[in-house]
2 protein chains.
Amino acid sequence: MAKELKELTSREENYAQWYNDLVIKADLAENSAVRGCMVIKPYGYAIWEKMQRQLDDMFKETGHINAYFPLFIPKSFLSREADHVEGFAKECAVVTHYRLKTNPDGTGVVVDPEAKLEEELIVRPTSETIIWSTYKNWIQSYRDLPILCNQWANVVRWEMRTRLFLRTAEFLWQEGHTAHATEEEALEEARKMLDVYADFAEKYMAVPVIKGIKSANERFAGAVETFCIEALMQDGKSLQAGTSHFLGQNFAKAFDVQFIDQENKLQYVWATSWGVSTRLIGALIMAHSDNNGLVLPPKLAPFQVVIVPIYKNDEQRNAISEKVATIIAQLKAIGISVKYDDSNNRKPGWKFAEYELKGVPVRLAIGARDLENGTIEVMRRDTLKKETVTMEGIELYVKDLLEDIQTNIYKKALDFRTSVTREVDSYDEFKVEIEKGGFLMCHWDGTSETEERIKQETKATIRCIPLNGDKTPGKCIVTGKPSAQRVVFARNY
Amino acid sequence: MAKELKELTSREENYAQWYNDLVIKADLAENSAVRGCMVIKPYGYAIWEKMQRQLDDMFKETGHINAYFPLFIPKSFLSREADHVEGFAKECAVVTHYRLKTNPDGTGVVVDPEAKLEEELIVRPTSETIIWSTYKNWIQSYRDLPILCNQWANVVRWEMRTRLFLRTAEFLWQEGHTAHATEEEALEEARKMLDVYADFAEKYMAVPVIKGIKSANERFAGAVETFCIEALMQDGKSLQAGTSHFLGQNFAKAFDVQFIDQENKLQYVWATSWGVSTRLIGALIMAHSDNNGLVLPPKLAPFQVVIVPIYKNDEQRNAISEKVATIIAQLKAIGISVKYDDSNNRKPGWKFAEYELKGVPVRLAIGARDLENGTIEVMRRDTLKKETVTMEGIELYVKDLLEDIQTNIYKKALDFRTSVTREVDSYDEFKVEIEKGGFLMCHWDGTSETEERIKQETKATIRCIPLNGDKTPGKCIVTGKPSAQRVVFARNY
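Everything numeric in this text was worked out from a predicted model, so none of it was measured.

**Concerning the relation of the copies chain B and chain A**
- Between chain B and chain A, which share one sequence, the superposing operator has a rotation angle of 180 degrees and an axial displacement of 0.0 Å; the RMSD is 0.0 Å. Taken together, the rotation and translation describe the operation of a two-fold axis. For chain B, the minimum C-alpha distance to the rotation axis belongs to Val95 of chain B and amounts to 2.1 Å.
- Both copies share a contact surface, since 100% of the interface residues of chain B are interface residues in chain A too.

Right under this line is the structure:
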């Protein structure tokens with residue numbers, strides 16, 4: 001067994017350590033010299049590129065266009081929306097100067113005190129304020145609406161406790177910012193993008209999600225309503241995988257963005273914003289991977305198939321490579337990405353372990369005897385099952401197998417979620433059950449006080465008020481007061 | 001004539017104003033509330049996306065992979081390479097604090113003095129230092145080499161005088177950073193990427209470029225040799241469109257990056273870096289556009305064809321739209337992007353002017369009579385020539401036309417460059433000629449002093465020492481000392 005695998009902590013032993021080991025050893029990301037900022041390594045970035053390409057296509061299909069707004073936000077802009085500044089002020093990177101100069105003592109450089117900015121600039125933690133200050137100039141009449149912009153960008157939130165992908169000071173994301181003439185249209189947009197996120201999570205990441213509404217405590221700073229998708233990780237903790245906010249007229253009022261409607265009346269514009277980030281890579285890892293390494297859904301794997309030749313001499317290697325060239329061409333012709341690893345400096349066993357660690361969905365191995373027999377060994381990463389099949393038609397076999405893997409890992413995640421989702425009807429039971437992890441479906445009286453008490457006493461929060469499913473009323477598990485429907489409680493990332 | 005066009009300053013009247021008007025009126029970009037930072041509007045960003053997609057494909061074809069490194073650079077890192085810090089220290093955005101707090105007097109927020117960083121962070125002006133501090137951990141042996149990484153990112157250089165796209169405090173770019181075992185391999189990489197840039201400029205942007213080497217005065221801060229492509233704008237000024245640097249072992253030494261070579265000896269790693277930025281959009285505009293607006297090369301136009309219906313009533317409009325649907329399907333089937341503008345609130349004349357302003361390569365107009373006759377009016381943006389052709393086979397006609405436009409605007413730019421490139425053999429003549437713009441091919445004695453004197457006296461600099469072309473030696477136009485070959489002088493952006 002390869003060195004890397006030996007050192008991968010098992011999930012059972014220490015889930016947090018397993019996650020961190022995996023991110024490092026699978027070459028996805030690492031911590032940088034700058035506190036809380038990560039380096040996204042090529043293999044990790046390749047997953048992000050796959051996610052980006054797919055999401056970008058989905059945004060464009062729903063009528064959105066990309067633009068780019070400044071990295072910096074004047075400090076005064078942040079203050080314009082009261083809840084917004086309250087939410088972000090405590091974790092802002094602040095630019096105060098625009099020049100360095102040589103240290104008078106000749107050692108290195110120091111900040112030039114002469115080059116102090118009149119107004120400090122905040123490195124964007126999110127872009128509502130700079131974008132709505134811009135939209136003010138773009139919007140005069142109902143004819144200028146809707147505006148359906150998205151931005152791919154980096155943002156900075158000065159988190160004190162960081163974890164690779166899950167919570168980092170700088171992260172990559174997309175943020176959609178839309179402007180509408182009516183409340184209904186803005187609400188419809190926020191719901192539509194929630195559906196796009198849920199589709200992406202389920203069909204591409206193979207991660208089942210619950211679509212819901214955030215309670216007031218968990219709402220985005222500045223939103224009227226926050227919609228979210230919540231995913232369950234293998235350790236029974238929940239992860240917020242995407243949010244879509246109905247912002248009402250809050251930012252339009254903060255930046256005085258009004259338009260003349262069809263009746264020639266001046267009105268404030270309605271807004272949404274929605275985003276997903278490199279955090280999704282963390283979700284992807286934690287939802288599917290195992291003690292051998294990553295398990296990647298075929299639709300997001302940087303390469304879907306790896307081919308490893310098994311040979312004793314150059315003659316065998318050349319004969320195998322020749323055959324493999326044909327197979328690669330056949331796979332590529334039907335849109336399957338493939339890597340051929342015929343490097344000489346590693347043994348097949350090392351390569352097998354390495355590509356298991358990296359979560360490549362399908363491994364093909366070909367030896368001299370396979371050439372004679374016209375066979376090939378196929379291993380699927382999700383179940384680790386091997387079989388030997390005929391080379392003839394291998395590309396279609398692999399195509400079906402990739403589809404099956406995509407379906408299977410989604411089903412496995414869904415089955416797991418189902419198995420740890422249960423209804424709980426008393427607070428005593430809740431305190432016992434929450435220790436076991438999973439989603440607890442409970443009645444709640446709708447107050448922040450009750451939610452806060454539960455959080456203090458159990459570390460569990462309301463992940464969302466589900467949009468679909470059981471709407472039977474009941475009584476709050478803590479106060480016994482009326483509850484309109486069960487909500488989802490869990491501990492979370 | 002549409003309002004926007006009336007307000008577009010002509011090139012002859014004021015070239016700088018024409019450029020700025022065009023960027024604003026064609027909806028490419030605008031200045032933001034943050035000094036020197038621009039908002040790239042959807043139409044401008046769509047051009048950048050086209051550039052990105054093409055360049056990214058070319059980088060991947062040449063074996064490169066993408067990664068992402070932190071936005072912030074510890075101040076001490078910048079100081080490690082002496083020339084590098086000298087080159088960038090004077091234009092750095094500096095993060096000094098990581099938190100805001102409510103102003104004690106209750107008005108807005110202020111920087112929390114308690115949240116001062118121990119070491120200031122620089123917003124990356126370029127990433128050599130943070131990347132080489134990372135590569136130190138990635139490289140131990142010759143087996144770890146080469147590393148061929150690229151990053152798509154935003155960078156900040158606090159320029160005092162900014163112009164949309166050409167020079168902004170924040171801009172978008174890609175930066176390749178490669179690590180090699182030998183000097184030869186690194187030099188070959190730097191030259192290879194220069195060729196990629198030149199190919200991209202000529203085949204996609206339709207902008208002819210001169211490939212060359214920078215003189216010491218114009219070299220990248222920290223490079224041993226800077227290769228560049230230089231393009232000529234319509235006002236006779238030169239624009240550096242891309243650079244590729246051979247960094248020698250400078251950054252490896254600054255960050256102590258050594259590897260064990262095949263003979264088991266410890267050696268410093270050899271490096272390159274190379275980049276192009278959103279500045280290319282500025283070059284694209286200034287190379288081709290005219291007094292009617294943008295002229296975009298078909299390969300980078302957000303949409304290549306616009307179709308405008310001409311109708312008197314809904315019945316005509318519907319009949320035209322039905323026919324147009326077929327044409328759109330035919331165009332899309334052969335990979336041509338098309339927009340159909342059947343909006344009711346603007347007249348055809350307004351639309352014609354608008355799409356000329358936006359540089360859409362081909363305009364199709366269809367009226368009721370065209371429907372009867374089976375004809376369609378085609379206008380090509382580069383020459384503004386119109387003709388009426390049969391609808392039958394229109395998609396192939398348009399395909400050929402787009403190729404012809406791509407070729408023609410390249411040829412036009414090349415002819416212009418040829419017409420304003422001349423050999424000058426005396427300094428007196430030089431002083432007269434430089435006022436007329438264009439490239440002056442002159443002998444130079446190879447010293448920084450002479451170059452500096454010419455710059456002081458004429459505002460012209462050496463744009464590059466051309467890699468190809470005439471290598472006949474001669475005598476310096478200023479000092480009469482020996483010169484190995486003519487070099488390119490020009491005023492520049």
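Next, the rest of the story.
**Here we look at helix H7 (residues 183–204) of chain A**
Residues and elements named next belong to chain A.
- Compared with the 32 Å implied by 1.5 Å per residue over 22 residues, the 31 Å span of H7 between its first and last C-alpha is a close match.
- Listing the buried residues of H7 in full gives Ala186, Glu189, Ala190, Met193, Leu194, Val196, Tyr197, Ala198, Phe200, Ala201 and Tyr204.
- Of the residues one or two after H7, Ala206 is the one with positive phi, at around 60 degrees.

**A closer look at the pairing of strand E20 (residues 375–380) of chain A**
Residues and elements named next belong to chain A.
- Relative to E20, strand E19 (residues 362–367) is paired through four bridges, and the arrangement is antiparallel. Note on E20: the bridge partner recorded for Arg363 is Met379.
- Sheet topology note: the E20/strand E21 (residues 386–390) ladder contains five bridges and is antiparallel. Residue pairing across strands places Val378 opposite Glu387, the latter belonging to E21.

**Looking at the interface of chain B and chain A**
- If you look at the interface, chain B gives 54 residues, while chain A gives 54 residues.
- For the side of chain B that touches chain A, the element with the most residues is strand E5 (residues 94–97) of chain B, which contributes four residues.
- A class-by-class count of the residues in the side of chain B that touches chain A yields 33 nonpolar, eleven polar and ten charged.
- Where strand E5 (residues 94–97) of chain A and E5 of chain B come together, three bridges link them in antiparallel fashion. The residue of E5 of chain B that forms the bridge with Val94 of chain A is His97 of chain B.

Basis of the calculations
Residues numbered from 1 in each chain as written. Chains lettered and ligands numbered in written order. Predicted model: local features only at pLDDT ≥ 70, side-chain atom pairs only at ≥ 80, totals over all residues. Least-squares fit on C-alpha atoms with pLDDT ≥ 70 in both. Contact = placed C-beta atoms within 7 Å. Helix = DSSP H or I, 4+ residues; strand = E, 2+ residues; numbered from the N terminus. Expected span 1.5 Å × (residues − 1). Buried ≥ 20, exposed ≤ 12 C-beta atoms within 10 Å, placed from the backbone. Pairing = 2+ DSSP bridges. Nonpolar A, V, L, I, M, F, W, Y, C, P; charged D, E, K, R; others polar.

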